[in-house]
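Each chain, written out:
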Amino acid sequence: MTEQEYHTQVQILKKMAYHYYVLDEPIATDEEYDSLYHKILHFENLHPALIDKSSPTQRVGDTPLESFSKNAHLMRMWSLEDVFNNNEFMEWVQRIYKSCPQASFTCSPKFDGASLNLLYREGKLVSATTRGDGIMGELVTHNARTIRSIPLEIDFKDEIEIRGEVVIAKDDFEFINKERLSENQSLFANPRNAAAGSLRQLDAKITAKRKLRFMPWGIGAGLGEFKSFYEALKGIAHFGFAPLPFLTHCKDISDIQSVYASLLAQRNDYPIMLDGMVIMLDEIPLQEQLGWTIKSPRFACAYKFPAIEKSSQILSVSLQVGRTGVITPVAELEPVEIEGAMIARASLHNFSEIERKDIRIGDRVIIIRSGDVIPKIIKPLVSLRDGTQKPIVKPTHCPVCGEELLIEEIFIKCQNLSCQARVIESIIHFASKKALNIDGLGEKIVIQLYDNKIIQNIKDIYALNLEQLLALEGWQEKRAQNLINAIQHTKGVELWRFINALGIEHIGEGASKKLARAFGERVFYLQKEEILSLEGFGEEMADSLIEFNHANKALIAQLLEIIKPTMQSVPIETHHMFYGKSIVLTGALSKPRDEIGALLESKGAKISSSVSKKTDFVICGENAGSKFDKAKALQIPILSESELFELLDS
């Protein structure tokens, strides 16, 4: 075989693979495919310097990874607002019409799998990253290359992020579980669990054995190249991805409801698990006009399918102690299968809920998977009681440490800050990267220190010394000193980081920044009305913060005294030219975007992820793409990085 013949044969093999794995319409027999595959492989083994990197033979890596590295998305992967019934859908769509009376919509199926972000540059697949927290995920490029429905090359030369769901067909899921059962391995709970587990294999050869599929549903960076979301999704198929089934452009509410009804009717028979329908405002300029909330875009929602109902019997009730000390009663159930998942436990939420619904041990109960994910007990079937049922009694002492519990109107809490069920998870979160970022204080180290009775609560980490650490197995002086230095380095940390590190339920990074900016250290003594006065704060967040402050008053005071968090590393300059301006960062910058963003925020700027008419400046680094073009089209001032720093210093 000559070099030219080799490249010709590779193109033929790629076409065979595309028709087989993507279109599900084979144009060759398995024997013909395998014969050509090995013929090409033989040539590549003889001539490694001539290997075409897009050859189907190059999809599986040889060396397993030791771990996954983190990777940032160019554009954030947002969560969607869920709507569960027609009333909620109507409320959502009327909000759209209020701002965009002429809006049309794109409807597509919501697949039940693992979200993946594919980055292409110059037409080449350069990275594949899991959703993670929406800003940063795990780099799984080696594994993504083994998925036959992911093109290694596309006909699009600009930078673009293709987003979709990695899924496993129901039949393939059953086959995998049968194999695992025969090998005495633990079973996957459902196809979503199998897809996520397969995608995160350190050995890409294992991933390659699983029949994973990639179903595209969106675009991150590069979406600005399109005016219509419908046309964008149609365009993805022309890049060599699987065409998105049931994709429909809807002109009005009636169209949307018709597509939803059709999709719901086909749900059980469709080979891949579906858990709803995504509704997206079709006009991309209008999407940018509506913008985003802290958690989700205002221009899209997930219209979830009705939850599946089954009945089961409550065999017993166990008690879980959460990170903040809240005791949650959990029903241990007679196992029941719902949509491919075996459900054996369901939260009873709190004892007020148990009393309100009159749920008892031994009751036959109705269970749903709300949003097809979280199992919930809806009600007991009182008519089936035979007298053997027993009341569920409120506990008076912690099931883990035995200390007396604080019983409030709704919540029951363990107040013992040294309770093992609380302290380990609290310290792990406190030291994590998104919190105080104490390098060297990971989960295994926290457990080691706790088991050796060196730390019994969060504040004990600030009393650690070299002698204690060097007495432990596996510790040397340099490692021990590095940990102590990392702990001491957290003193004086920004207040919002301290708030976030406490792990208050429903209070994440964004909310912590808002609270710190609005109230300072008074955040730990607020009344509910004050919390609700902040934009984006609801009843649940307010109640959670008040509950936490009450339960941890002494610990918070001690930590504030030790750490002395600062309000803000740099005061906001209210008279700077960037004050109150909306700024977008794009392209490769010499410094991390978080660092540049923080500098701009210190001048009172607001950092935005997308360019719109409301954008005041666009800061461009190298290889700036569609955002640069859009800024030019909208005549928005564009600054280079050097120009930015000159203005920041002025």
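All values derive from a computational prediction rather than experimental measurement.

A. Fine view of the overall build of the chain. Of the regular secondary structure elements, the chain holds 23 helices and 24 strands. For 650 residues, the compact-globule formula gives about 26 Å, and the C-alpha radius of gyration of the chain, at 27 Å, lands near that figure. Burial statistics for the chain: of 650 residues in total, 47% are counted as buried. When contacts within the chain are restricted to residue pairs at least 6 apart in sequence, long-range pairs at least 24 apart make up 67% of them. Total accessible area on the chain stands at roughly 32500 Å², and carbon and sulfur atoms take up 50% of it. Across the chain, the centroid of the 75 positively charged side chains sits 2 Å from that of the 87 negatively charged ones.

B. Inspection of the packing of helix α3 (residues 86-99) against helix α9 (residues 253-266) at higher detail. Their axes nearest at 12 Å, the elements α3 and α9 cross at an angle of 145°. Considering only the axes of α3 and α9, their crossing is right-handed. Contact with α3, carried on its side by Asn86, Phe89, Met90, Val93, Gln94 and Tyr97, involves Ile253, Ile256 and Gln257 of α9 and no other residues of that element. Looking at the contact of α3 with α9 residue by residue, the class counts come to six nonpolar, three polar and no charged.

C. Region of the structure containing the nonpolar core. Formed by 72 residues in total, the largest nonpolar core has its most connected members in Phe105, Leu116, Leu118, Ile162 and Ile279. Once you skip the residues sitting within four places of it in the chain, Ile162 turns out to touch Leu116, Asn117, Leu118, Tyr120, Phe214, Pro216, Gly218, Ile219, Ile236, Phe239 and Phe241. Ranked by size, the runner-up nonpolar core spans 56 residues in total, among them Ala431, Ile455, Leu502 and Ile504.

D. Seen up close, the domain arrangement of the chain. Each assigned domain of the chain is listed with its residue range as follows: domain 1 (3-46), domain 2 (81-304), domain 3 (309-391), domain 4 (422-563) and domain 5 (582-649). Placing the centre of domain 1 and that of domain 2 at their C-alpha centroids yields a distance of 28 Å.

E. Quick peek at the pairing of strand β11 (residues 300-304). Burial analysis of β11 places five of its five residues in the buried class, the great majority of the element. Of the two faces of β11, the one carrying Ala300, Ala302 and Lys304 and the one carrying Cys301 and Tyr303 are both buried. Two strands pair when backbone bridges link them, and strand β2 (residues 81-83) and β11 are joined in this way by three bridges, in the parallel orientation. Within β11, the residue paired with Glu81 across the bridge is Cys301.

F. Broad picture of the packing of aromatic side chains. Across all of its chains, the model carries 14 aromatic pairs by this definition. Arranged with centres 5.5 Å apart and planes meeting at 80°, the rings of Trp292 and Phe299 form a pair that is edge-to-face. Look at Trp292 and you get partly exposed, because its relative accessible area is 21%. One aromatic cluster is present, built from ring pairs that chain together Phe89, Tyr260, Tyr303 and Phe305.

G. The arrangement of the UniProt feature "active site" (unreviewed entry) in the chain in detail. Within this numbering scheme, the UniProt entry marks Lys110 as carrying the feature "active site" (unreviewed entry). With respect to the helices, strands and loops of the structure, Lys110 is situated in strand β3 (residues 105-111). If we skip the residues at most four places from it in the chain, Lys110 touches Leu274, Asp275, Gly276, Met277, Val278, Ala302 and Lys304.

Conventions we followed
Residues numbered from 1 in each chain as written. Predicted model: local features only at pLDDT ≥ 70, side-chain atom pairs only at ≥ 80, totals over all residues. Heavy atoms only, no water. Helix = DSSP H or I, 4+ residues; strand = E, 2+ residues; numbered from the N terminus. Rg over C-alpha atoms; globule rule 2.2 N^0.38 Å. Buried < 20%, exposed > 50% of the residue type's maximum accessible area, 1.4 Å probe, protein only. Contact = heavy atoms within 4.5 Å. Areas by Shrake-Rupley, 256 points an atom, 1.4 Å probe, with all protein chains shown as cover. Lys, Arg positive; Asp, Glu negative; His and termini not counted. Charge placed at Lys NZ, Arg CZ, Asp CG, Glu CD. Axes fitted to C-alpha atoms, helices over the stretch in contact; angles between N-to-C directions. Left-handed = near helix turned anticlockwise from the far one by under 90°. Nonpolar A, V, L, I, M, F, W, Y, C, P; charged D, E, K, R; others polar. Core = buried A, V, L, I, M, F, W, Y, C linked by side-chain atoms within 4.5 Å. Domains from an automatic or database assignment. Pairing = 2+ DSSP bridges. Phe/Tyr/Trp six-rings, centres within 6.5 Å; stacked < 30°, edge-to-face > 60°. UniProt positions renumbered as here; feature names shortened; annotations may be inferred.

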